[in-house]
Amino acid sequence: MRIALFVTCLNDTFAPSAGRATVEVLERLGHEVVFPEEQTCCGQMHANTGYADLAAPLARRFARVFGGFDAVVSPSASCVAMVRGQYPGLVGETVPNVYELSELLVDVLGVEDVGATFAHRVTYHPTCHGLRGLGLGDAPLRLLRNVREIELVELPEAETCCGFGGTFAVKNADTSAAMLTDKLRCVLDTGADVCTAGDSSCLLHIGGGLRRQRAGVRTLHLAEILASTG
Amino acid sequence: MSFPDAARVELDKAQQRRNLRKATTTIRAKRAAVVAEVPDWEPLRDEGARVKDEALHDLATHLERLEVAVTAAGGTVHWARDAAEANALVARLTRAAGSDEIIKVKSMATDEIGLNAALAAEGITAHETDLAELIVALAGDRPSHILVPAIHRNRAEIRDLFEAELGETGLSTDPAALTAAARRHLRERFLRVKVGVSGANFAVAETGTVCVVESEGNGRMCTTLPDTLITVMGIEKVIPRHADLATMLTLLPRSSTGERMNPYTSLWTGVTPGDGPRDFHLILLDNGRTATLADPVGRDALRCIRCSACLNSCPVYERAGGHAYGNTYPGPIGAILAPQLAELRDHTALPWASSLCGACYEVCPVKIDIPTILVHLRSRVVREQGAPPSERLAMEAMARVFASRRRYEAAQRGARLAGLAAHLPGPLRTWSGVREPPQAPRRTFRDWWRSR
């Protein structure tokens, strides 16, 4: 299958390893990945901060760049939810067929074992836009359970928001910090040395909190664990 | 005080944080358990939304049918454009009944219009009879939850309050003992006061039947003992048919208290000679509802049946508490109702009082897509009230960057340089208060892609 990668502006700039890992997993499974270099941002930040007028041209641009592909994959549930949920209202034209990585693997390609090995104690945080926005269900966990040598530990209160919420983290910094503190407590309670999720935005927030506390717990994008071969 | 400032104050209240966490965690689990028992819960939610939409999309017709039915059953219907008109009506009707006090069923609509304060200014005393509303009133406090107004208080605090305000001594913190103390205080009023005031959970256009749902029975005392009953009802509470109550009364208690059925459901249709009040007045309150109905996205908020499942599920509400919203309706529903029922300019921060996590939408029994309405209201605030100039400039600058691959790639190189700085500039500084700032790696993804 020929799959276009929408890496997202955030991964491209701040978490390129999530994009690299997405390419590696799909190529290992025998798929051709293309990267349309004209891509920039889906406009989520603008739309969710109240600037629908500025988001609309970005949405139209996105539709032009990705319109010609049968399938687009993205290692970001949040940006996929933006395209699927908000584009119909913003652009009113054919919305590109975009899948979140675990959704593409499990629901479209029917793969649960991607042949990964990762010998660490890992806890998984289901991000809000993946869990409730896209209804990913247990697709990410099914992929993780098939990783060799992984020790997967359940995150308490997993379905509670980590407090990132885009510009929420800036506009309501104190409430965001309170939510982050509770999330970090849950992560640390698991005794995991890696916290993973399907959104780099939430991971920058959680990981930034863990590093500030010098907690010695890493954050890794789900794709990076799936790409790992030991 | 705007939400972020108020939340900063509330977040530091350790006892309140603990009380809220305990209460919302308990009620979430109860709700989840009783909802899981209903095999057709999702179709039931669809039906709940459909019933409310049917009434809202032809509201005038349904309200006029309600008026005809109530009048035919011996009641009197009044129409109030706003809080002032509704409050004046209640005062006039109370005086006409020869009383200078009222007993009240717990009601959000009368909180919304500030009825108690308005009556006090007219020399009329309002007695709250709901246990939690009584606690809030005795403490000179404000409700912080739609269903559990004193959710921010724990039993020890309530015991202390009753000992100080009700002349009780040696009370335990046992709920039964606290309730008995409140009962001693309330019973005399139930028997003495001649005018009762209630809100309404539902009113049936077809039959003129008004419905109040409660847990304590104090509400039923107020709707049956007095000679005169005055109901203040938001116009969005009307539903088309009596049979629709079956849907709504299945959805409401499971969503709100996590019970299969609430202990007291009172239904009355006009007046019945020799049984209950001799006079029944129904005040139909607009107070911003017609204006809300004019917004094709925002109007879905009027489906709300005040169950408060969205509050109990909201991670922002659980931490910041109800008072931070500065409004009768707190939590996610308050963040979309307050800016619409009142003036948008008075509540410009509320649409941002959410991380858009979607937990509220998932539990809403009438499927109000709260995150979508929040985003819609954010756009309205930016468009109609204007954003801070620095924010608008930053957003426009970023939109220009994202509109061009060349500018985007140049900005990535800039981010890499800025990433070397220890702290973020400007408003982004709040990020680095509790988190290390993100570092832009040496190579972007596209650098790697090109180098393969």
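Keep in mind it's a predicted model, so treat the numbers as computed, not measured. (Residues numbered from 1 in each chain as written. Chains lettered and ligands numbered in written order. Predicted model: local features only at pLDDT ≥ 70, side-chain atom pairs only at ≥ 80, totals over all residues. Heavy atoms only, no water.)

A look at the overall build of chain B
- Broken down by element type, chain B carries 22 helices and ten strands.
- Its C-alpha atoms give chain B a radius of gyration of 25 Å, near enough to 22 Å, the size a compact globule of 452 residues would have.
- Projecting the C-alpha coordinates of chain B onto the three principal axes gives extents of approximately 90 × 55 × 45 Å.
- The buried share of chain B, taken over its 452 residues, is 54%.
- Look at the contacts in chain B between residues 6 or more apart in sequence, and 74% of them connect residues 24 or more apart. (Helix = DSSP H or I, 4+ residues; strand = E, 2+ residues; numbered from the N terminus. Rg over C-alpha atoms; globule rule 2.2 N^0.38 Å. Buried < 20%, exposed > 50% of the residue type's maximum accessible area, 1.4 Å probe, protein only. Contact = heavy atoms within 4.5 Å.)

What about the interface of chain B and chain A?
- Taken together, the 60 residues of chain B in the interface contact 63 residues of chain A.
- Across the interface of chain B and chain A, roughly 5500 Å² is buried in total on both sides, 58% from carbon and sulfur atoms.
- Linking chain B with chain A are twelve salt bridges.
- A salt bridge links E436 of chain B to R214 of chain A; the shortest N-O distance between them is 3.3 Å.
- Remark: the boundary between chain B and chain A carries 31 residue pairs in polar contact (both at pLDDT 80 or more). (Buried area = accessible area lost by both parts, 1.4 Å probe. Salt bridge = Lys/Arg side-chain N within 4 Å of Asp/Glu carboxyl O. Polar contact = N/O pair within 3.5 Å; in protein donor to acceptor, adjacent residues only side chain to side chain.)

Considerations on the sheet that holds strand β7 (residues 194–197) of chain A
All names here are of chain A.
- Strands sit in the order β6-β5-β7-β8 across an open sheet of four strands; the sheet is parallel. The open sheet has two free edges, formed respectively by β6 (151–153) and β8 (218–221), since each of these has just one partner strand. Across this sheet, the average inter-strand angle for adjacent strands is 35°, counted without regard to direction. (Pairing = 2+ DSSP bridges. Axes fitted to C-alpha atoms, helices over the stretch in contact; angles between N-to-C directions.)

Here we look at the nonpolar core
- Residues F3, L66, F162, L282, I333, I336 and I368 of chain B are the most contacted members of the largest nonpolar core, which totals 96 residues.
- Leave out the neighbours within four places in its chain, and I333 of chain B touches I146, A301, C304, C310, L311, I368 and I370 of chain B.
- The next biggest cluster of nonpolar side chains, apart from the first, holds 37 residues, and it includes I3, L26, A71 and V194 of chain A. (Core = buried A, V, L, I, M, F, W, Y, C linked by side-chain atoms within 4.5 Å.)

Some words on the packing of helix α10 (residues 173–189) of chain A against helix α1 (residues 3–11) of chain B
- Viewed as axis vectors pointing N to C, α10 of chain A and α1 of chain B meet at an angle of 40°, and their least axial separation amounts to 8 Å. Taken as axis vectors, α10 of chain A and α1 of chain B run oblique relative to one another. The segment α10 of chain A lies against α1 of chain B, with D174, T175 and A178 of chain A engaging F3, A7, R8 and L11 of chain B.
- Grouping the amino acids of the contact of α10 of chain A with α1 of chain B by side-chain chemistry returns four nonpolar, one polar and two charged. (Parallel < 35°, antiparallel > 145°, perpendicular 65-115°, else oblique. Nonpolar A, V, L, I, M, F, W, Y, C, P; charged D, E, K, R; others polar.)

Quick notes on the domain arrangement of chain A
All names here are of chain A.
- Once the domains are mapped, chain A shows domain 1 (2–108) and domain 2 (121–227).
- Measuring from the centre of the C-alpha atoms in domain 1 to the corresponding centre in domain 2 gives 21 Å.
- A combined buried area of about 1900 Å² lies between domain 1 and domain 2, and 68% of that area is made up of carbon and sulfur atoms.
- The largest share of the area that domain 1 buries against domain 2 comes from A77, S102 and V106, three residues that together contribute 22% of it.
- Applying the counting rule to domain 1 against domain 2 returns zero salt bridges.
- Linking domain 1 to domain 2 there are ten residue pairs in polar contact (both at pLDDT 80 or more).
- Sorting elements by how many residues they give to the side of domain 1 that touches domain 2 places helix α2 (residues 16–28) first, with seven residues.
- Counted by class, the side of domain 1 that touches domain 2 contains 14 nonpolar, eight polar and five charged residues. (Domains from an automatic or database assignment.)

A few points about the sheet that holds strand β2 (residues 101–104) of chain B
Residues and elements named next belong to chain B.
- Taken in spatial order, the six strands line up as β1-β10-β7-β4-β2-β3 in an open sheet, and their pairing is parallel. Single-partner strands in this sheet number two, and they are β1 (76–80) and β3 (125–128). Geometrically, the sheet is characterised by an average inter-axis angle of 25° between neighbouring strands, direction not taken into account.
- With two bridges joining them, β2 and strand β4 (residues 195–198) adopt parallel strand pairing. Bridge pairing in β4 links K104 to V197.

Some thoughts on the domain arrangement of chain B
All names here are of chain B.
- Taken as a whole, chain B is organised into domain 1 (60–287) and domain 2 (290–385).
- The distance between the C-alpha centroids of domain 1 and domain 2 comes to 24 Å.
- Facing the 24 residues of domain 1 at the interface are 21 residues of domain 2.
- Together domain 1 and domain 2 conceal approximately 2000 Å² of surface at their shared face, both sides included; 57% is due to carbon and sulfur atoms.
- If you sort the residues of domain 1 by the area they bury against domain 2, H145, I146 and E236 come out on top, with a joint share of 26%.
- In this assembly, domain 1 and domain 2 are joined by one salt bridge.

Section: the pattern of salt bridges
- Summed over all chains, the structure comprises 55 salt bridges over all chains.
- In this structure, the salt-bridge partner of R148 of chain A is D113 of chain A, at a minimum N-O distance of 2.9 Å. Remark: D113 of chain A occurs in the loop between α6 (101–108) and β5 (121–124) and R148 of chain A occurs in the loop between α8 (139–145) and β6; sequence separation between them is 35 residues.
- Here R148 of chain A falls in the partly exposed class, since its relative accessible area comes to 39%.
- The class for D113 of chain A is partly exposed, based on a relative accessible area of 35%.
- When the shortest N-O distance is used, the salt bridge between R184 of chain B and E168 of chain B registers 2.8 Å. On the criterion of sequence distance, the pair formed by R184 of chain B in helix α10 (residues 175–192) and E168 of chain B in the loop between α9 (155–165) and α10 is long-range, its members being 16 residues apart.
- On the basis of relative accessibility, which here comes to 14%, the residue E168 of chain B falls in the buried class.
- What you see here is one network of salt bridges that share partners, running through D12, E37, E38 and R61 of chain A together with R405, E409, R446, D447 and R450 of chain B.

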